Amino acid sequence: MNLKEKYVITINRELGSGGRTIGKMLADRLGVPFYDKALIQELEKKYDLTAPEIERLKGQQHNWWADFKRSLKIMPSFAAPQLVSNKTAIPDFLITDDIFESEKEILKGIAADESCVVAGRSGFFVLRDHPNHLSILIQAGMEFRISRLMDKRSISREEAVKIIKEVDKMRERYVKKYTGTSRYDTRNYDIVLTVDEHSEEEIVNMILQYIKK
């Protein structure tokens, strides 16, 4: 991946692995915007970015996203906490084909306009043909994931296990439906990192070392 040209880094992650935090830290270190499911869905809903509306915008100009972003003065790295929290994001099992198509076009528009880091949203697949794309999977052992979720959400072990199993199943079903592949297939990624024995900062440093090589 060439940092001197427009690039996109996509991060797929297991719940409880800290992948979203790692993605945000990586974006901050690189000085580029960070996008995740919650922010993309909030933009889609708030500004009526349906698939037909995006097609209309694309028909008016080559880079519809750049113009759209300028008109709204969106600053993704700072807007996410103000716009939305992850609790308001639409669960993957409620995503319709139309919603997926609009989110896919939003991702493509973002990646065509600027260098960025994208967490989730099947970005590894949607942006697979981007000429300067790095795809990363962040994973962790079950005990690590359970412990982190318990601490983060102040829930019992039983609740954490239930949530992880449900989310794993939901995300895998979502990815298979819309990409025809498995989110666990390592062939989809340039880097696969297991975080159990490392801090989030160490993982970010590993990614940056890989990029700079």
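Heads up: the structure comes first, above all this text.
The paragraphs below set out a description of the structure included in this document. (Residues numbered from 1 in each chain as written. Predicted model: local features only at pLDDT ≥ 70, side-chain atom pairs only at ≥ 80, totals over all residues. Heavy atoms only, no water.)

Before going further, it helps to examine the overall build of the protein. Each helix and strand in the protein was counted, giving ten helices and five strands. Within the protein, buried positions represent 51% of all 213 residues. By sequence separation, contacts in the protein at least 24 residues apart represent 75% of the contacts at least 6 residues apart. Accessible area of the protein: about 11100 Å², with a carbon and sulfur share of 50%. (Helix = DSSP H or I, 4+ residues; strand = E, 2+ residues; numbered from the N terminus. Buried < 20%, exposed > 50% of the residue type's maximum accessible area, 1.4 Å probe, protein only. Contact = heavy atoms within 4.5 Å. Areas by Shrake-Rupley, 256 points an atom, 1.4 Å probe, with all protein chains shown as cover.)

The end-to-end C-alpha separation of helix α6 (residues 97-113) is 24 Å, in line with the 24 Å expected for 17 residues at 1.5 Å each. Taken residue by residue, α6 has Ile99, Phe100, Ser102, Glu103, Glu105, Ile106, Leu107, Gly109, Ile110, Ala111 and Asp113 as its buried positions. (Expected span 1.5 Å × (residues − 1).)

What follows concerns the side chain of Ser182. Assignment of secondary structure puts Ser182 in the loop between α9 (157-179) and β5 (191-194). A polar contact is formed between the side chain of Ser182 and the backbone nitrogen of Tyr184, at a distance of 3.0 Å. (Polar contact = N/O pair within 3.5 Å; in protein donor to acceptor, adjacent residues only side chain to side chain.)

This part covers the sheet that holds strand β2 (residues 34-35). Here we have five strands laid out as an open sheet, ordered β2-β3-β1-β4-β5, and parallel in their pairing. The two strands at the open ends of the sheet, each matched to only one other strand, are β2 and β5. Both strand β1 (residues 8-13) and strand β3 (residues 116-119) contribute to a ladder of four bridges, which runs parallel. Pairing of Ile9 across the sheet is with Val117, part of β3. (Pairing = 2+ DSSP bridges.)

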